[in-house]
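Summary of the model geometry
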Amino acid sequence: MINNLFTAIAITLCFSACSGSDDAADAYGNFESTEVIVSAEATGRLLSFDVEEGAVLAANTPVGGIDSVQLKLRKDQLGANIKAVLSKTPDVSPQLAVIRQQIATQQREKTRIEDLLKANAATPKQLDDINAAIAVLEKQYASTASSLHTQVSGISSETQPLQVQVEQVKEQLAQSRVVNPVNGTVLVKYVEKGEVVTYGKPLYKIADLQTMYLRAYISENQLSRVKTGQQVNVQLDQPDGSLKTLPGTISWIASEAEFTPKTIQTREERVNLVYALKVRVQNDGSLKIGMPGEMRIVTK
């Protein structure tokens, strides 16, 4: 907010001093970058932390690790609990195999009786008895199978909450690893290896310095001359007093105007309105955060 105020004061002075001059820039501001504060996603001692200010880090690069011994022990305990529950699972196949064998024996006996019945060596009652025995065994098989499957399903359902807890611990273990989220340069390092960090504690600040933004302000009567995506020239001071020019693209224009400067109480100066905008510029290595710059609209 203070930087914006200083910038706004500078704009007012430039508007009054440079109006009517062909050499005056169309907007003035300072360079900034998209900064990301990387925070801890777990609580514990920072066992490793390979981050140094000024270092360039690639996205998805592991840069540190938080103590996760307790989480690993918790995961092992849950695994043991799951095994203990699953050990109660009945062995379905052997129990059903016994009944299937009995049914097969009775089927062979039925075939033998049918052959004897054709030769008048057996009675219809014997065939009825064997059919009844087979029917009883088939019902016994269906009942046993249903009962065993119900037991297996119940035991499996008991392990589901434990499996969910295992997945939660796995996620917590993953969060114990500090992974750099974006490509950029480390601006500030907040902690050191060996410190105890808590969830949400800032670890370091990183910014992509390859793409910079000139946050500048234009007057109300200039608004019709600019639009998002428009190509402009960005200039910055050189040690010899000359201006270095870089191509830029307007990436954002504020939808609302603001008074500038806000602390001046005279009516004549308070009626001046400005609109903030951002110009995206590819950094050739000469741009730094906070460096002043100028924007000039390209005249075709």
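Before reading on, note that the structure itself is shown above.
The following refers to the structure shown. On a predicted model such as this, the values are computed, not experimentally measured, just so you know.

**Quick word on the environment of Asn183**
Structurally, the position occupied by Asn183 is in the loop between strand E6 (177–180) and strand E7 (184–189). Residue classification places Asn183 among the partly exposed positions, given a relative accessible area of 48%. For the pair Asn183 and Ala59, spaced 124 residues apart in the sequence, the C-alpha separation amounts to 4.7 Å. Polar side-chain contacts of Asn183 include one of 2.7 Å to the backbone nitrogen of Ala59.

**Digging into helix H3 (residues 92–118)**
Helical periodicity: at 3.6 residues per turn, an α-helix aligns residues three or four positions apart in one direction. End to end, H3 covers 40 Å across 27 residues, agreeing with the expected 39 Å (1.5 Å per residue, within 8%). If you check which residues of H3 are buried, you get Val92, Leu96, Ile99, Ile103 and Ile113. Where H3 is buried, its residues contact helix H4 (124–175).

**With respect to the pairing of strand E12 (residues 243–253)**
Of the pairings in the sheet, the one linking strand E11 (residues 231–237) to E12 comprises 7 bridges and is antiparallel in character. The residue of E12 that forms the bridge with Asn233 is Pro247. In sequence, E11 turns back onto E12 through a hairpin of 5 residues, with Gly241 there showing a positive phi of about 95°. Across 5 bridges, the pairing between E12 and strand E14 (residues 273–282) is antiparallel. Of the residues in E14, the one forming a bridge with Trp252 is Lys278.

**A few points about the sheet that holds strand E2 (residues 35–39)**
Two pairing modes exist for strands in a sheet, parallel and antiparallel, and in both the strands are linked by backbone hydrogen bonds. The strand order across the open sheet formed by 4 strands is E2-E9-E7-E4, and the pairing between neighbours is antiparallel. The open sheet has two edge strands, E2 and strand E4 (56–57), and neither has a second partner. As defined by bridge partners, E7 adjoins strand E9 (residues 202–207) across 4 bridges and the pair is classed as antiparallel. Paired with Thr185 across the two strands is Ala207, which belongs to E9.

**A closer look at the packing of aromatic side chains**
Applying the stated criterion across every chain, the model contains 1 aromatic pair. Seen in terms of ring centroids, Phe49 and Tyr204 are 6.1 Å apart; in terms of plane orientation they differ by 50°. Their pairing is tilted. Linking Phe49 in strand E3 (residues 44–49) with Tyr204 in strand E9, this pair joins segments that are 155 residues apart in sequence. Of note, Lys278 hangs over the ring of Tyr213, and the distance from its end group to the ring centre comes to 6.0 Å. Sitting above the plane of the Trp252 ring, Lys278 keeps its charged end 6.0 Å from the centroid.

**Quick word on the sheet that holds E6**
A sheet is described by the order of its strands in space; here 4 strands give the open sequence E6-E5-E3-E8, paired in antiparallel fashion. Of all strands in the sheet, those bounded by a partner on one side alone are E6 and strand E8 (196–197). Sheet topology note: the E3/strand E5 (residues 61–66) ladder contains 3 bridges and is antiparallel. When the sheet's bridge partners are listed, Ser48 is paired in E5 with Gly65.

**Observations regarding the side chain of Glu294**
Secondary-structure assignment places Glu294 in strand E15 (residues 292–297). Looking at Glu294, the relative accessible area reads 17%, which means it is buried. In this structure Glu294 touches Ala25, Ala27, Tyr28, Leu214, Asn233, Val234, Gln235 and Leu243, once residues within four positions along its chain are discounted.

Criteria and thresholds
Residues numbered from 1 in each chain as written. Predicted model: local features only at pLDDT ≥ 70, side-chain atom pairs only at ≥ 80, totals over all residues. Heavy atoms only, no water. Helix = DSSP H or I, 4+ residues; strand = E, 2+ residues; numbered from the N terminus. Buried < 20%, exposed > 50% of the residue type's maximum accessible area, 1.4 Å probe, protein only. Polar contact = N/O pair within 3.5 Å; in protein donor to acceptor, adjacent residues only side chain to side chain. Expected span 1.5 Å × (residues − 1). Contact = heavy atoms within 4.5 Å. Pairing = 2+ DSSP bridges. Phe/Tyr/Trp six-rings, centres within 6.5 Å; stacked < 30°, edge-to-face > 60°. Lys NZ or Arg CZ within 6 Å of the ring centre and 35° of its normal.

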